[in-house]
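# Working through the structure, step by step
Take a look at the letters that make up each chain.
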Amino acid sequence: MVLRPLPARLLAAWPGWRTACARGASRGPAGPGRPRAGPGPTPERYRVERLPFSTVSAEDLAAFERAVPGRVVTDPGALEAANVDWLKTVRGCSKVLLRPQTSEEVSCILRHCYKRNLAVNPQGGNTGMVGGSVPVFDEIILSTALMNQVISFDEVSGILVCQAGCVLEKLSQFVQERNFIMPLDLGAKGSCHIGGNVATNAGGLRFLRYGSLRGTVLGLEVVLADGTILNCLTSLRKDNTGYDLKQLFIGSEGTLGIITAVSILCPPQPKAVNVAFLGCPGFAEVLQTFTTCKGMLGEILSAFEFMDAECMQLVGQHLHLAIPVQDSPFYILVETSGSNAGHDAEKLGSFLEQALGSGLVTDGTMATDHRKVQALWALRERITEALSHDGYVYKYDVSLPVERFYDLVIDLRARLGLQAKHVVGYGHLGDGNLHLNVTAEAFSKALLEALEPYVYVWTAEQQGSVSAEHGLGFKKRDVLGYSKPPKAVQLMRQLKALLDPKGILNPYKTLPAQA
Ligand code: FAD
Ligand code: 2HG
Ligand code: ZN
């Protein structure tokens, strides 16, 4: 299928979109069923020792029952899913899951845990990628699943205030009915909670246009380790009164406090959205296309994602999605969002003409219709799901100068040889964020040692970041030093000690293990 320069002729270019829709490729699987067996206990795979926290007693359970009547879960079957991460790579052995509905209930629970020196693992949708969302040992799981109420929405400013356990996709639907959109979107939208998004400072697919949650989150309510409720739930665009405390909790992965409510700025819903899925002959052309795209599409460019051929092959093989463009070593997904369909189509048409005419792009398809747009996005969003069907997945989420982006993938393919099943590269190229994934039949220490610290050293040599958007959680906590100087790590420890002196909140996460 050869891409033609005029958008109108591209609109109907991909008959396969129906297949993708029919297979349920809405933007965001709610929790794909993966056939592989779960992992063994975390301490069997990773070197980690339990810290001297108390263990939950019958008196503790009685206190919890008073705090959240009927919402204390101790049934091992019900606890199983909450003890294992989405990727099925780590497993805790918590015996208690608590389901508060209000901030006061969270406060009551933490007050008790603080007094009793009981460790607590905050959990949202449990879709995190770095093992931060599940206990390492027997930490109490505090789930925000029942804290799912919208508190207010201002239809003039677009400011949404809601409880932390609202599912991102539900919030998207809520604001879309009022002609707004959420400033973030990610493949896990069907399961992840807004509190979890803020706690991980999730990036996702709209980052290029709407920026970080550090800009769009206006206020937070947080319960501190000792149960104190910190109300910074302001809905002001501008507030320069002293330190911006909410920033401490954005991206703190549940180690400094439990986020109970969020105030967030939602942009107006764009009237016209176009998506082009294009094939590029080489990585140099991907980069040149990005430069051309920024120059020619300007303010309507809302996403620029890239994926290599191996990703697309796995999406076809494991998810049976129809791939509209074939036989290219690289693919890009370009999205435009704007307020004038004619103007946007004209700009996109000129860009496509230029990209095709100069050989930067060799093939492609385009969509404007909502369902077709979703089907094209599914090819990108569902890569994580496809990879998880391929075996054990080693995940790296790095920020790198875009010119060096793909060198790391090529380098690793040569280094690992047949040790790996697949080495793939894809991600938010527009944000300088590479997702490097390596699959193998099963977890192997030898393969892990071939990957680490090699990937981190490589990244640090480029002045990159070892975690662009997924955070550090449990699995990456010891590599913080590749991206932050010792003084910064020391200050982080001091902040942790100030806010959580007993270290009960999400222990073993984010900060490196003490020597
Ligand atoms: P969880 O996984 O439950 O928790 C994540 C961390 O936050 C844990 O450390 C937990 O303790 C803490 N936490 C959760 N809730 C709270 C709270 N209320 N207060 C304090 N701490 C809390 N990430 C991206 O950045 N960009 C992507 O594009 C992206 N795509 C994804 C696609 C898929 C298919 C999947 C499975 C994951 C993806 N992720 C992505 C990972 C991402 O971090 C999570 O999906 C999401 O932000 C976590 O939200 P959650 O509610 O599931 O949190
Ligand atoms: C994405 O961008 C997510 O799809 C997940 O951040 C990345 O699975 C991954 O490596
Ligand atoms: Zn991502």
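Residues numbered from 1 in each chain as written. Chains lettered and ligands numbered in written order. Predicted model: local features only at pLDDT ≥ 70, side-chain atom pairs only at ≥ 80, totals over all residues. Heavy atoms only, no water.

### Things to note about the domain arrangement of the chain
Our working rule: Residue ranges for the domains trace back to a domain assignment, done automatically or taken from a database. The contact criterion used is simple: two residues touch if any of their non-hydrogen atoms lie within 4.5 Å. Salt bridge, as used here, is a side-chain nitrogen of Lys or Arg placed within 4 Å of a carboxyl oxygen of Asp or Glu. We define a polar contact as two N or O atoms separated by no more than 3.5 Å, with the added condition that, inside protein, one atom must be a possible hydrogen donor and the other a possible acceptor, whereas residues neighbouring each other in sequence contribute only through side-chain atom pairs. Numbered from the N terminus, helices here are DSSP runs of H or I no shorter than four residues, and strands are runs of E no shorter than two.
The domain boundaries assigned to the chain delineate domain 1 (8-20 + 390-483), domain 2 (36-145) and domain 3 (272-384). At the interface, 29 residues of domain 1 touch 34 residues of domain 3. Where domain 1 packs against domain 3, one counts 2 salt bridges. We note a salt bridge from D308 to R413, for which the minimum N-O separation is 3.1 Å. Linking domain 1 to domain 3 there are 11 residue pairs in polar contact (both at pLDDT 80 or more). The set of elements that each furnish at least two residues to the side of domain 1 that touches domain 3 consists of α2 (17-22), α17 (405-416), β15 (422-428) and β16 (433-440). With 7 residues, β15 is the largest single contributor of residues to the side of domain 1 that touches domain 3.

### Quick notes on the state of the cysteines
As a reminder, the rule being used: Pairs of cysteine sulfur atoms within 2.5 Å are what we label disulfides.
Inspection of every chain in the model, using the stated rule, returns 0 disulfides. Between C108, a cysteine without a disulfide, and C113, which holds the nearest cysteine sulfur, the sulfur-to-sulfur distance is 9.8 Å. Of all cysteine sulfurs in the structure, the one in C166 sits closest to C162, which takes part in no disulfide; the separation is 4.2 Å.

### Topic: the environment of G295
Our working rule: Residue exposure (1.4 Å probe, protein chains only): buried if accessible area is under 20% of the type maximum, exposed if over 50%, otherwise partly exposed.
Relative to the helices and strands, G295 resides in helix α12 (residues 283-297). Judged by relative accessible area, G295 falls into the exposed class, the value being 66%. For the pair G295 and F351, spaced 56 residues apart in sequence, the C-alpha separation works out to 9.1 Å.

### Quick word on the site of ligand 1
What counts is decided by this rule: Distances are taken per atom, and a residue is near a molecule or strand as soon as one of its heavy atoms is within 4 Å of it. For accessible areas, the Shrake-Rupley method is used with a probe of radius 1.4 Å. Any residue's cover is judged against the shown protein chains and nothing else. Classification convention: Asp, Glu, Lys, Arg as charged; Ala, Val, Leu, Ile, Met, Phe, Trp, Tyr, Cys, Pro as nonpolar; all other residues, Gly among them, as polar.
For ligand 1, the set of nearby residues contains 36 residues, the closest of which are P122, G124, G125, T127 and G128. A distance of 3.1 Å is found between an oxygen atom of ligand 1 and a side-chain nitrogen or oxygen belonging to N197. In isolation ligand 1 has 970 Å² of accessible area, and contact with the protein removes 97% of it. Secondary structure elements with two or more residues in the shell around ligand 1: β3 (120-123), α8 (194-200) and β9 (258-265). By residue number, the principal contributor to the shell around ligand 1 is α8, which donates 5 residues. When the residues that make up the shell around ligand 1 are grouped by side-chain class, the tally is 11 nonpolar, 23 polar and 2 charged. Residues from two domains meet in the shell around ligand 1; each of domain 1 (8-20 + 390-483) and domain 2 (36-145) gives at least three.

### Describing the side chain of K246
By secondary structure assignment, the location of K246 is in helix α11 (residues 246-249). Aside from chain neighbours lying at most four places away, what touches K246 is V217, L218, G219 and L220.

### A closer look at the coordination of the zinc ion (ligand 3)
Formally: Here a donor is any nitrogen, oxygen or sulfur atom (N, O, S) within 2.8 Å of the metal, with 3.2 Å used for Na, K and Ca; water is not among the atoms considered, so some sites may look incomplete.
Bound to the zinc ion (ligand 3) on the protein side are H428 (NE2), H435 (NE2) and E469 (OE), at distances that span 1.9 to 2.1 Å. The motif formed by the donor residues of the zinc ion (ligand 3), counted along the single chain, is H-x6-H-x33-E. In this pair, the class of H428 matches that of H435, namely buried.

### Side note on the confidence of the model for the chain
Rules: The quantity called pLDDT is the predictor's confidence in a given residue, expressed from 0 to 100.
In the predicted model, the chain carries a mean pLDDT of 93, and 93% of its residues have values of at least 70. Across residues 1-35, confidence stays below pLDDT 50; counting only partners more than four residues off in sequence or on other chains, it has 92 contacts.

### Details of helix α20 (residues 486-499)
Quick note on the threshold: How far a helix is expected to stretch is found by multiplying one less than its residue total by 1.5 Å. Read the arc as the range of directions from the helix axis to the C-beta atoms.
Taking 1.5 Å as the rise per residue, α20 with 14 residues should run 20 Å; its terminal C-alpha atoms sit 20 Å apart, in good agreement. Turning to α20, its buried residues are V489, K496 and L499. Along the long axis of α20, the arc covered by the buried residues comes to 90°, so they all point the same way. Along α20, the residues that are exposed and aim more than 90 degrees away from the buried face are P486, K487 and L498. Among the structural elements, α11 are those in contact with the buried residues of α20.

### Looking at the packing of helix α4 (residues 58-67) against helix α6 (residues 103-116)
Put simply, the rule reads: A fitted line through C-alpha atoms serves as each axis, taken over the contacting stretch for helices, and the angle formed by two N-to-C directions is quoted from 0 to 180°. For classification purposes, angles smaller than 35 degrees are called roughly parallel, those larger than 145 roughly antiparallel, those between 65 and 115 roughly perpendicular, and all remaining angles oblique. Two helices crossing with the near one rotated counterclockwise from the far one by less than a right angle form a left-handed crossing, whereas a clockwise rotation gives a right-handed crossing.
Orientation of α4 relative to α6, taken along the N-to-C sense of each, is 165°, at an axis distance of 9 Å. With respect to their mutual orientation, α4 and α6 come out roughly antiparallel. Crossing hand, α4 versus α6: right-handed. Facing D60, A63, F64 and A67 of α4, the residues of α6 in contact are E105, C108, I109, H112, C113 and R116. Among the residues forming the contact of α4 with α6, the class breakdown is 6 nonpolar, 1 polar and 3 charged.

### Some remarks on the site of ligand 2
In the region of ligand 2, the neighbouring residues are M129, R380, T384, K395, Y426, H428, H435, N437, E469 and H470. Taking T384, its side chain carries an N or O atom lying 2.8 Å from an oxygen atom of ligand 2. Between an oxygen atom of ligand 2 and a side-chain N or O atom of N437, the distance comes to 3.0 Å. About the coverage of ligand 2: the protein hides 87% of its 290 Å² of free accessible area. Residue assignment for the shell around ligand 2 shows that the elements contributing at least two residues are β15 and β16.

### Examining the sheet that holds β16
Definition in use: Any two strands with at least two DSSP bridges between them are considered paired.
Overall, antiparallel pairing links the 7 strands, which are arranged β13-β10-β12-β11-β15-β16-β14 in an open sheet. On the outer flanks of this sheet lie β13 (363-367) and β14 (392-399), each paired with one strand and no other. Within the sheet, the average angular offset between the axes of one strand and its neighbour, ignoring direction, is 15°. Taken together, the 2 bridges between strand β11 (residues 301-308) and β15 define a ladder with antiparallel strand orientation. Residue pairing for β15: F306 is matched across the bridge by G427. Set on the sheet, helix α13 (residues 309-319) makes contact with β10 (272-280), β11, β12 (330-338) and β15; between it and β15 the angle comes to about 100°. Docked against the sheet, helix α14 (residues 341-357) engages β10, β12 and β13, running at close to 10° with respect to β10.

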